[in-house]
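# Structural overview
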Amino acid sequence: KVRTAAAATARPLPVCSDFCHDMPPKAADPKAKAKADAKKKAKVEKPEEEEGSRMAPPDRAAFDEACAKVQEAIDALQKKQADLAKKIAERSGGKDEFFQRKAELRAQLDEFGAKIDKLMERKQEIQKAIGDKRQEGTEMRNQLNKMKKSIGFTSEAEIDQRIADIEFKLVTDTISLKEEKDLMKEIAELKKNRPKVSHVKNLEAGLATRDSGASFKEQIG
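First, a word on what this report is: a plain description of the structure on this page. (Residues numbered from 1 in each chain as written. Predicted model: local features only at pLDDT ≥ 70, side-chain atom pairs only at ≥ 80, totals over all residues. Heavy atoms only, no water.)

Before going further, it helps to examine the overall build of the protein. When you go through the protein residue by residue, the secondary structure sums to seven helices and zero strands. Counting only residues that meet the buried cut, the protein has 10% of its 221 residues in that class. Summarising the internal contacts of the protein: among those between residues at least 6 apart in sequence, 80% fall at separations of at least 24. Carbon and sulfur atoms provide 57% of the accessible area of the protein, an area that totals close to 19300 Å². (Helix = DSSP H or I, 4+ residues; strand = E, 2+ residues; numbered from the N terminus. Buried < 20%, exposed > 50% of the residue type's maximum accessible area, 1.4 Å probe, protein only. Contact = heavy atoms within 4.5 Å. Areas by Shrake-Rupley, 256 points an atom, 1.4 Å probe, with all protein chains shown as cover.)

With that settled, the discussion passes to the packing of aromatic side chains. Counted according to the given criterion, the structure contains one aromatic pair. Centroid distance Phe98 to Phe99: 5.4 Å. Interplanar angle 65°. Geometry classified as edge-to-face. (Phe/Tyr/Trp six-rings, centres within 6.5 Å; stacked < 30°, edge-to-face > 60°.)

It is worth spelling out the packing of helix α5 (residues 156-172) against helix α6 (residues 177-209) at this point. Taken N-terminus to C-terminus, the directions of α5 and α6 make an angle of 170°; their axes are 9 Å apart at the nearest point. On the basis of their axis angle, the class for α5 and α6 is roughly antiparallel. Seen from above, α5 lies across α6 with left-handed handedness. Split by residue class, the contact of α5 with α6 holds nine nonpolar, two polar and eleven charged. (Axes fitted to C-alpha atoms, helices over the stretch in contact; angles between N-to-C directions. Parallel < 35°, antiparallel > 145°, perpendicular 65-115°, else oblique. Left-handed = near helix turned anticlockwise from the far one by under 90°. Nonpolar A, V, L, I, M, F, W, Y, C, P; charged D, E, K, R; others polar.)

Within this structure, the stated rule accounts for twelve salt bridges. The salt bridge involving Arg101 is made with Glu104; its shortest N-O contact spans 3.2 Å. Placement of both Arg101 and Glu104 in helix α4 (residues 60-151) is noted, with a separation of three residues, approximately one turn of the helix. We note a salt bridge from Lys201 to Glu156, for which the minimum N-O separation is 3.4 Å. (Salt bridge = Lys/Arg side-chain N within 4 Å of Asp/Glu carboxyl O.)

The next subject is α6. End to end, α6 covers 49 Å across 33 residues, agreeing with the expected 48 Å (1.5 Å per residue, within 8%). Considering bend angle alone, the principal kink of α6 is centred on Arg194 and spans about 30°; proline Pro195 follows within four residues of it. When α6 is considered as a whole, its buried residues turn out to be Leu183, Ile187, Leu190, Asn193, Val197, Val200, Leu203 and Leu207. (Expected span 1.5 Å × (residues − 1). Bend = angle between axes of the 7 residues up to and from the residue.)

Turning our eyes to something else, we now look at a nonpolar patch on the surface. On the surface, a nonpolar cluster with roughly 390 Å² of combined accessible area is contributed by Leu109, Phe112, Ile116 and Met120. Locating Ile116 in the fold gives a position in helix α4. You can call Ile116 partly exposed: its relative accessible area is 48%. (Patch = residues over 30% accessible without salt bridge, like charges linked within 9 Å, V, L, I, M, F, W, Y side chains within 5 Å.)

Here the focus is the nonpolar core. Nonpolar side chains in soluble globular proteins tend to be buried together. Ranked by internal contacts, the top residues of the largest apolar core, which has 13 residues, are Leu144, Ile151, Ile159, Ile163, Ile166, Leu190 and Val200. Elements supplying a minimum of two residues to this core: α4, α5 and α6. Of all the elements, α6 adds the most residues to this core, at seven residues. Once residues lying within four places of it in the same chain are set aside, the contact partners of Ile166 are Leu183, Glu186, Ile187 and Leu190. (Core = buried A, V, L, I, M, F, W, Y, C linked by side-chain atoms within 4.5 Å.)

The next point concerns the side chain of Ser155. When you line up the elements, Ser155 lands in the loop between α4 and α5. Given the relative accessible area of 17%, Ser155 is considered buried. One polar contact links the side chain of Ser155 to the main-chain amide nitrogen of Glu158, over a distance of 3.4 Å. Residues contacting Ser155, with those up to four places away along its chain left out, are Val197 and Lys201. (Polar contact = N/O pair within 3.5 Å; in protein donor to acceptor, adjacent residues only side chain to side chain.)

Here it is, written out as structure tokens:
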């Protein structure tokens, strides 16, 4: 009985369409509405912007005139460049001749330098030979002076005269034995030195005619 009573009292549920129409409408989202309005506004304003951004067609005559002026300037610069290249080529040719002449002069200088080096070497050899000659002459003169001093006479006649004087004294004078020995010793020394006088004379003649390096000086010039 309970089940039958429940079934009798149950009411059928309304269909969805009827239920939805009976429900109040849902409030619209303000953010979404603002976004939609902005899109509509952009669609409306876009044609105006496109119309404003359109450029006027270029002036063909002004463009050609500007291009002609640029080409004229290019032609002028190219002409200057060609003239400059020609001048550089001309100067380069002169430069080559200059360097060629410089190389020739350098070769001559090197040749002269080599000759000068040889002459300087020869000059040093001659100067050394002159120095050796002078040293030799100085030694010979010193030796000659020592010999003259040891002899004490300049000629054989002087020595002969001294020997004669001593012998005369030994014969005529009364002298002591010691003095006699000294005189006899002197006579022996004089006779020993007599040949040296002629040797001294030969040395003096040799020194007078000796080449002290004059021939070498002539070689130096």
